[in-house]
Amino acid sequence: MCARRRLADAAGRRAGRAPQRPPEAFGEKLIDKPLMRNVLADLALESEAATTLAMRLAAAYDDGGEEERAFLRPAVPAAKYWVTKRCTPLAVEALECLGGNGYVEESGMPRLLRESPLNSIWEGAGNVQALDLLRALQREPQALNAFLREVGLARGADHRLDGAIKNLLAELADLDGIEARARRLVERIALVLQGSLLVRYAPPEVADAFCASRLGGDWGSAFGTLPHSLDLATVVERARPVS
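Residue positions are given per chain, counted from 1 along the sequence in the order it is written. Totals for whole chains, interfaces and linings use every residue, but because this is a predicted model, local features are given only for residues with pLDDT of at least 70 and side-chain atom pairs only at 80 or more, for both listing and counting. In computing side-chain values, all of the structure's heavy atoms are included and hydrogens and water are not.

> Quick one: what's the story with the packing of helix α9 (residues 159–173) against helix α11 (residues 204–215), residue by residue and with numbers?
Contact geometry for α9 and α11: axes closest at 9 Å, N-to-C directions at 40 degrees. By the angle between their axes, α9 is oblique relative to α11. With respect to the hand of their crossing, α9 and α11 are arranged in left-handed fashion. Here Arg160, Leu161 and Ala164 of α9 come into contact with α11, specifically with Asp208, Cys211, Ala212 and Leu215. Partitioning the contact of α9 with α11 into residue classes produces five nonpolar, no polar and two charged. For helices, the fitted line uses only the C-alpha atoms of the stretch in contact; every axis is such a line through C-alpha atoms, and the angle between N-to-C directions lies from 0 to 180 degrees. Secondary structure elements are defined from DSSP: runs of H or I of at least 4 residues count as helices, runs of E of at least 2 residues count as strands, and each element is numbered from the N terminus. When describing relative orientation, an angle under 35 degrees is termed roughly parallel and one over 145 degrees roughly antiparallel, while 65 to 115 degrees is termed roughly perpendicular and anything else oblique. In this scheme the crossing of two helices becomes right-handed for a clockwise turn of the near helix relative to the far one and left-handed for an anticlockwise turn of less than a right angle. What makes two residues a contact is simply this: any of their non-hydrogen atoms within 4.5 Å. All amino acids are sorted into three groups, where Ala, Val, Leu, Ile, Met, Phe, Trp, Tyr, Cys and Pro are nonpolar, Asp, Glu, Lys and Arg are charged, and the leftover types, Gly among them, are polar.

> Outline helix α3 (residues 66–98), listing residues and values.
Because each turn of an α-helix spans 3.6 residues, side chains separated by three or four positions in sequence point in the same direction. The length a helix should cover is 1.5 Å for every residue beyond the first. With 33 residues, α3 should cover 48 Å at 1.5 Å per step; its first-to-last C-alpha distance of 46 Å lies within 8% of that length. Residue Leu72 marks the point of greatest curvature in α3, where the axis turns by about 35 degrees; the proline Pro74 follows within four residues. Downstream of α3 by one or two residues, Gly99 has phi in the positive range, about 65 degrees. Note on bend: at a given residue it equals the angle between the axes fitted to the 7 residues ending there and to the 7 starting there.

> Just give me the short version of the packing of aromatic side chains, but keep the residues and values in it.
Aromatic rings from Phe, Tyr and Trp, taking only the six-membered ring of Trp, are treated as a pair when their centres fall within 6.5 Å; an angle between ring planes under 30 degrees marks them as stacked, one over 60 as edge-to-face, and anything in between as tilted. Applying the stated criterion across every chain, the model contains zero aromatic pairs. Note that Arg214 overlies the ring of Trp219, its terminal NZ or CZ placed 3.9 Å from the centroid. Two thresholds decide whether a charge sits over a ring: the Lys NZ or Arg CZ must be within 6 Å of the ring centre and within 35 degrees of the ring normal.

> With reference to specific residues and values, describe helix α2 (residues 34–63).
The first and last C-alpha atoms of α2 sit 43 Å apart over 30 residues, in line with the 44 Å expected at 1.5 Å per residue. Phi for Gly64, located one or two positions after α2, is positive at around 75 degrees.

> Let's hear about the side chain of Arg86: which residues, and what values?
Within the secondary structure layout, Arg86 lies in helix α3. In this structure Arg86 comes out as buried when scored by relative accessible area, which is 16%. Those residues within four positions of Arg86 in sequence are excluded, and the remaining contacts are Glu46, Trp219 and Phe223. Classification of residues uses two cut-offs on accessible area relative to the type maximum, computed with a 1.4 Å probe and protein chains only: under 20% is buried, over 50% is exposed, and between them is partly exposed.

> Tell me about a nonpolar patch on the surface, and name the residues and values.
Like charges are joined within 9 Å and nonpolar side chains (Val, Leu, Ile, Met, Phe, Trp, Tyr) within 5 Å, but only among residues with over 30% relative accessible area and no salt bridge; these make up the patches. Every accessible area reported is derived by Shrake-Rupley at a probe size of 1.4 Å, with residue values counting cover from the shown protein chains alone. Salt bridges, as used here, are contacts in which a Lys or Arg side-chain nitrogen is within 4 Å of a carboxyl oxygen on Asp or Glu. On the surface, Leu118, Ile121 and Trp122 cluster together into a nonpolar patch covering about 360 Å² of accessible area. Considering the arrangement of structural elements, one finds Trp122 in helix α6 (residues 119–122).

> Provide a residue-level description of the environment of Val236, including the pertinent values.
Inspection of the secondary structure assignment puts Val236 in helix α12 (residues 232–239). Between the C-alpha atoms of Val236 and Asp42, which are 194 residues apart in sequence, the distance is 8.7 Å. Residues within four places of Val236 in sequence aside, it is in contact with Ile31, Arg37, Leu40 and Ala41.

> Kindly report on the pattern of salt bridges, identifying the contributing residues and their values.
Counted by the stated rule, this structure contains 19 salt bridges. Close ionic contact of Arg56 with Glu150 constitutes a salt bridge, the shortest N to O distance being 2.9 Å. One end of the pair, Arg56, is in helix α2; the other, Glu150, is in helix α8 (residues 141–152), and 94 residues separate them in sequence. Given the relative accessible area of 13%, Arg56 is considered buried.

Right, here's the structure in full:
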């Protein structure tokens, strides 16, 4: 929810939908500039992946069946770990998109930024979530099987997702130093799960951009480093608030 709010503020105001003069540079709206579009599309991917993951977990909880309960056992700590870790950098980037308007208290963004680090405290510190996931995989074999069946539903739909699943299986099979690798492992589990869900439920442009960047490795260390050849305009348009 917080991610959606930050993205809506950033995308809406860059498009000039907030009650202010549309931000422009060199005679064009900022949202129409390729670099700003790349930043907003990257934020949109992060938000949609987190939202889709949350909805899938909510559906599993509502179902309450044995298979879904087994799936939740590794999926919940993975989601808590990764989404809370991504929350603060997303807030920082969204605030930057708004410039000075995002910095002032009246915008609401400073409060969201201050509260962002609290998510990993409320939901459990990163190490706690990573070790909890390891414990689930080691003590409850049905949990791993349920997770693999879930991501397996998207196998064959994207070669980058297929490769990520293969690499994840190799990491799971390697028990050497697994506790020291727990954060790396839980991150990969979360990304593979998000990718599998977007391939199944999101528009092709969103799924393609996510798999190319988060699973295919064609991505930098900051938001706004997506491959320029992707259909970023469609990703941004999908994320724009409805007027």
